[in-house]
Amino acid sequence: MTSTKELLEMDLYALLGVESTASEKQIKKAYRQRALSCHPDKNPDNPKAAELFHQLSQALEVLTDAAAKAAYDKVRAAKKQAEERNRKLDDKRKKIKLDLEARERQADTVKTEEIKITRTLEEEIARLREEGSRELQEQQRLIREQIQRETDTHTGRQGGSDVTPKLKLKWKCKKDDASNAGYSHDCLQNLFQKYGDVLNILISSKKRGSAVVEFASVKAADLAIKNEIGLTGNPLKITWLEGQPAPTSHIDNTESYSSQSCLRSERDYESVVLMRLRQAEERKRLIEEMKREEEQETP
């Protein structure tokens, strides 16, 4: 991991290939383009690519957070001013001693200010690392999805499905427990994201101890249902809600593979849009079913 000190020595804008006046949208776009080429999944045997990917991620964290970006811009501007002052001092070192001493005293005052604003940036970076950057997680999720799409296209595998895999969760929780027995949205996200991309988490607002987790892939959902037990002392009961794989899903069938490849090659942009609309309707229907179930079970 690149240390804070090393990060402060970098030109984060140059690292992403954008101007200091770039908008947040331009910064995100530049990050995706550069991070995609050096992503560890694409370069498993290149440690330099992994290090560059990490540096790009840190640059995105700082430049998409208003407070951290403001602190970084101050440090960057101060460094440029210091470089300009040093150049002028070099040109004028032949002048009288009193003039030189006065300039050195002025430089000491400016140096104190530089230390102050540098500490501010270090504090902002530390805050980002403690809290976690939602923006970074979102951008990395988009990159993983793009890599998956490229992999599917290369192997000819059928990537789309009208039904996204969903798991239903239940756990013990008292009706008046506002903490939902510790199973918050962030808690469930942390428990299940290690198995793969989590598209959505729906926690019942009326019925305590109930939620639905939607995964991007059947593999991730299958790993979760087989391995996740939940919090110690209050385990999860996990069942399939939708998208459970068929027992014969791993059988090699040449004719089926060929048919899937043809189908994928014929799918156009309009078909993809319609598939996304159907998935959105699925989520809407699932929420409505959960609400009806809650109303029926509520005395």
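Scope of this entry: the structure provided in the associated data block. (Residues numbered from 1 in each chain as written. Predicted model: local features only at pLDDT ≥ 70, side-chain atom pairs only at ≥ 80, totals over all residues. Heavy atoms only, no water.)

### Let's talk about the nonpolar core
Alright, step 1. Core analysis: the biggest nonpolar cluster contains 33 residues, and L16, Y31, V62 and L63 have the highest contact counts within it.
Alright, step 2. Listed by contribution, the elements that provide at least two residues to this core are α1 (4-9), α2 (12-16), α3 (24-37), α4 (47-63), α5 (66-92), α6 (97-131) and α7 (134-155).
Alright, step 3. Ranked by residues supplied to this core, first place goes to α4 with seven residues.
Alright, step 4. Residues contacting L63, with those up to four places away along its chain left out, are L12, Y13, L16, I27, K69 and Y72.
Alright, step 5. Grouped together as the second largest cluster of nonpolar side chains are 20 residues, Y183, A211, F215 and A224 included. (Core = buried A, V, L, I, M, F, W, Y, C linked by side-chain atoms within 4.5 Å. Buried < 20%, exposed > 50% of the residue type's maximum accessible area, 1.4 Å probe, protein only. Helix = DSSP H or I, 4+ residues; strand = E, 2+ residues; numbered from the N terminus. Contact = heavy atoms within 4.5 Å.)

### Description of unusual backbone geometry
Alright, step 1. Here N180, not a glycine, exhibits a phi torsion of approximately 55 degrees, which is positive.
Alright, step 2. Tracing the sequence through the fold places N180 in the loop between β1 (166-170) and α8 (185-192).
Alright, step 3. Backbone geometry places A181, a non-glycine residue, at a positive phi of 60 degrees.
Alright, step 4. With respect to the secondary-structure elements, A181 resides in the loop between β1 and α8.
Alright, step 5. Using a relative accessible area of 22% as the deciding quantity, one classes A181 as partly exposed.

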